[in-house]
Amino acid sequence: MTAPTAGPAVGPPLGMLAELTHRCPLQCGYCSNPVELLKANRELDTQAWLDTFEQAADLGILQVHLSGGEPTLRKDLERLIACLDARGVYTNLITAAVTLTRDRLEAFAEAGLAHAQVSFQGACAETTERVGHYKNAHQKKRQAAAWIRELGLPLTVNAPIHKLNIHEVPDFVALALELGAERLEIANVQYYGWAYLNRAALLPDYDAVMRQVDYVEKTREELTGVLNIDFVTPDYYADYPKPCMGGWAADAFMITPDGTVLPCHAAQTITSLAFHRVGEKPLREIWENSEAFNRFRGFDWMPEPCRSCERKEIDFGGCRCQAFAMTGDAAATDPTCIKSPHHAALRDLPPEEPIRRRVVGRQSAST
Amino acid sequence: MTPFRTRVVITSASRPLVPPHVHLRFDDLRGKWVVLAPEKVLWPDEIGADILGRCTGAATVSDIVGGLAEDYDAPAEQIAPDVLAFLQEWCDRLLLRCEETK
Ligand code: SF4
Ligand code: SF4
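Residues numbered from 1 in each chain as written. Chains lettered and ligands numbered in written order. Predicted model: local features only at pLDDT ≥ 70, side-chain atom pairs only at ≥ 80, totals over all residues. Heavy atoms only, no water.

(A) Representation of the overall build of chain A. Helix and strand content of chain A: 13 helices and nine strands. In terms of overall size, chain A behaves like a compact globule, its C-alpha atoms giving a radius of gyration of 20 Å where 367 residues would be expected to give roughly 21 Å. Each of the three principal axes of chain A carries a C-alpha extent, and together these read 55 × 50 × 45 Å. Out of the 367 residues belonging to chain A, those deemed buried represent 57%. Put simply, 72% of the contacts in chain A that link residues at least 6 apart link residues at least 24 apart. Here chain A has roughly 14,600 Å² of accessible surface; of this, 51% comes from carbon and sulfur atoms. Side-chain charges in chain A split into 37 positive and 47 negative, and the spacing between the mean points of these groups amounts to 4 Å. (Helix = DSSP H or I, 4+ residues; strand = E, 2+ residues; numbered from the N terminus. Rg over C-alpha atoms; globule rule 2.2 N^0.38 Å. Buried < 20%, exposed > 50% of the residue type's maximum accessible area, 1.4 Å probe, protein only. Contact = heavy atoms within 4.5 Å. Areas by Shrake-Rupley, 256 points an atom, 1.4 Å probe, with all protein chains shown as cover. Lys, Arg positive; Asp, Glu negative; His and termini not counted. Charge placed at Lys NZ, Arg CZ, Asp CG, Glu CD.)

As structure tokens, this is what we get:
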């Protein structure tokens, strides 16, 4: 831990999220990808990713999350997995799993994939299809999950929760048990990227959120030793913000499809910060010395009320991106905090509109 | 369809096993033991890592306790409850699996 008074000491990072592509067959209205998606021709090539992963391993990365978009659309995914596995890095595949074949999954397993996480937009076929806008998505996901288990890989069911499916939380638990998952991630949507754009249509009401919290806490207890339930709580109704990734640039970072290195997936929304790409500079240089990474490291950057708050080592002043989105100042106290002067404004939602689908090249509203 | 998993209760006859997808290794850069599991990085202390290293699926909890008692020069009855509690906790987090005695 960084001492509050010392300048930010930069230790080695633990984890890295690699967004290999923004391409995705689904069009979820809550996607955390930026609203301006990158086309395939902006993606790093195989050699650039391999080189990046080698540098990440040298830097001390222990876990990599291979994500997107849909990472399995990259034809070189098995090569990337093999490279990481050879360096002892733990690989997590984050997939929507609608275009996977058993052979492909087997190739990933042989390359050394450690764990697969399959997202389910709903706990039943109807909801999954309605949210992701992909025909037969639910059946395909169930099939892929079964293959993952057959291949002996541990399975996580990822359930992004919002207004359209919050009533299905108990069914998600049943689904995870039925599929033999060892982990269920009940992840309340975080409102940036597409989700911020669509927040009025996605944000569940207060009572539904409270019912969900009670249910998840009780069930998590009951299923100890059977199913690990990780709960990403909805912070819109909380009094205090969630900790941001254990602190800005504290132990993880992410890389976008074109190789831009970011402290978190929404960091590019902070338009006052400049970020570098792999290839321009060594990864170590970016991690240890770049201005954007150092800007909110440690505690010295904090204004009041965070600076003298006893919770600052718990939540690190909350989310920088949310602060910027709602106040225009990235260093401000996260408005989800009750001590923020902007806290009340948080509940002012724009009028509800149809959900805008996640598509490359922003598109107008559809159903 | 695979039957639902049930919670494992560790006894002295259990044969705990670190499953293949849970990686226990020494991290040279940081100079300590690390356990890598789905979305988890854990840092067991020396003794914790030693116990986990003995969870091969072949040795019973009694065997493990016996081995530890010998290597650490401590009475088996004294360390057994701690070892059991440790293993139960790791089992509950699905970081250990158990083969019951047939
Ligand atoms: S004032 Fe700042 S540090 Fe204190 S709880 Fe609010 S966000 Fe966290
Ligand atoms: S700044 Fe906000 S969006 Fe970025 S990682 Fe932290 S919590 Fe997440």
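(B) Spatial organisation of the packing of aromatic side chains. Taken as a whole and assessed by the stated rule, the structure comprises eight aromatic pairs over all chains. Ring centres 5.5 Å apart and planes at 75° place the aromatic pair Phe26 of chain B and Trp33 of chain B in the edge-to-face group. Its relative accessible area of 28% is what places Trp33 of chain B among the partly exposed residues. Three or more aromatic residues joined by ring pairs make a cluster, and in this case those are Trp248, Phe296 and Trp301 of chain A. Sitting over the face of the ring of Phe120 of chain A, Lys141 of chain A holds its NZ or CZ atom 5.9 Å from the ring centroid. In this arrangement the basic side chain of Arg320 of chain A is found over the ring face of Phe296 of chain A, its NZ or CZ atom lying 5.9 Å from the centre. (Phe/Tyr/Trp six-rings, centres within 6.5 Å; stacked < 30°, edge-to-face > 60°. Lys NZ or Arg CZ within 6 Å of the ring centre and 35° of its normal.)

(C) Looking closely at unusual backbone geometry. Residue and element names in this part refer to chain A. Omega for the bond connecting Gly68 with Gly69 falls within 30 degrees of zero, at 10°, which places this linkage in the cis form. Note that Gly69 resides in the loop between strand E2 (63-67) and helix H2 (77-86). Along the chain, Glu304 connects to Pro305 via a cis peptide bond; the corresponding omega equals 5°. Backbone geometry at Ala97 places phi at a positive 60°, although glycine is not the residue there. Looking at where Ala97 falls in the secondary structure, it is placed in the loop between strand E3 (90-95) and helix H3 (102-111).

(D) Highlighting the nonpolar core. Core analysis: the largest hydrophobic core is formed by 98 residues, its most contacted members being Met16, Trp49, Phe53, Val64, Leu66, Leu227 and Phe253 of chain A. The element contributing the most residues to this core is helix H6 (residues 169-179) of chain A, with seven residues. Two domains each put at least three residues into this core: domain 1 (15-232) and domain 2 (252-348) of chain A. For Val64 of chain A, the residues in contact, after removing those within four places along its chain, are Met16, Ala18, Phe53, Leu84, Val89, Tyr90, Thr91 and Asn92 of chain A. Counting 24 residues, the second-largest nonpolar core is a separate cluster that includes Ile10, Val35, Ile51 and Ala69 of chain B. (Core = buried A, V, L, I, M, F, W, Y, C linked by side-chain atoms within 4.5 Å. Domains from an automatic or database assignment.)

(E) The arrangement of the UniProt feature "binding site: [4Fe-4S] cluster" (unreviewed entry) in chain A in detail. Residue and element names in this part refer to chain A. Listed under "binding site: [4Fe-4S] cluster" (unreviewed entry) in the UniProt record, and renumbered for this structure, are Cys24, Cys28 and Cys31. If you trace the backbone, Cys24 turns up in the loop between strand E1 (15-19) and helix H1 (46-59). Residue class for Cys31 comes out buried when judged on its relative accessible area of 12%. (UniProt positions renumbered as here; feature names shortened; annotations may be inferred.)

(F) Region of interest: the environment of Asp235 of chain A. Inspection of the secondary structure assignment puts Asp235 of chain A in the loop between strand E7 (228-232) and strand E8 (252-255). The contact partners of Asp235 of chain A, leaving out residues within four places of it in the chain, are Gln190, Lys242, Gln322 and Thr336 of chain A.

(G) Structural view of the interface of chain A and chain B. Taken together, the contact pairs 29 residues of chain A with 23 residues of chain B. Sorting the residues of chain A by area buried against chain B places Leu62, Tyr90 and Glu182 of chain A first, and these three jointly supply 25% of that buried surface. For the pair chain A and chain B, the interface holds zero salt bridges. Run the count over chain A and chain B and you get 10 residue pairs in polar contact (both at pLDDT 80 or more). Breaking the side of chain A that touches chain B down by element, the ones donating at least two residues are E2, E3, strand E4 (115-119), H6 and strand E6 (183-188) of chain A. Of the residues forming the side of chain A that touches chain B, the biggest block, three residues, is contributed by E3 of chain A. Considered class by class, the residues forming the side of chain A that touches chain B number 13 nonpolar, 11 polar and five charged. (Buried area = accessible area lost by both parts, 1.4 Å probe. Salt bridge = Lys/Arg side-chain N within 4 Å of Asp/Glu carboxyl O. Polar contact = N/O pair within 3.5 Å; in protein donor to acceptor, adjacent residues only side chain to side chain. Nonpolar A, V, L, I, M, F, W, Y, C, P; charged D, E, K, R; others polar.)

(H) Seen up close, the site of ligand 2. Neighbouring ligand 2 are the residues Tyr192, Cys244, Met245, Cys264, Ala266, Cys319, Arg320 and Cys321 of chain A. Taken together, the residues of the shell around ligand 2 sort by class into seven nonpolar, no polar and one charged. (Near = heavy atom within 4 Å.)

(I) The packing of helix H4 (residues 125-132) of chain A against helix H5 (residues 137-150) of chain A, seen in detail. All names here are of chain A. Their axes nearest at 7 Å, the elements H4 and H5 cross at an angle of 110°. By the angle between their directions, the pair H4 and H5 is classed as roughly perpendicular. Together, Ala125, Thr128 and Glu129 of H4 and Ala137, His138 and Lys141 of H5 make up the contact between the two elements. Residue composition of the contact of H4 with H5, by class: two nonpolar, two polar and two charged. (Axes fitted to C-alpha atoms, helices over the stretch in contact; angles between N-to-C directions. Parallel < 35°, antiparallel > 145°, perpendicular 65-115°, else oblique.)

(J) How the structure looks around the domain arrangement of chain A. Residue and element names in this part refer to chain A. Parsing chain A into structural domains produces domain 1 (15-232) and domain 2 (252-348). One C-alpha centre belongs to domain 1, the other to domain 2, and the line joining them spans 24 Å. With 23 residues of domain 1 in contact, the opposing surface of domain 2 contributes 19 residues. Considering only the side of domain 1, the residues that lose the most area to domain 2 are Leu17, Leu59 and Tyr192, jointly responsible for 30% of the buried surface there. In this structure, the connection of domain 1 to domain 2 is made through one salt bridge. Here Asp258 ties to Arg42 by a salt bridge, and the two come within 3.3 Å at their closest N and O atoms. Along the contact surface separating domain 1 from domain 2 lie seven residue pairs in polar contact (both at pLDDT 80 or more). Per-element tally for the side of domain 1 that touches domain 2: the top contributor is H1, with six residues. Residues belonging to the side of domain 1 that touches domain 2 are distributed by class as follows: 13 nonpolar, six polar and four charged.

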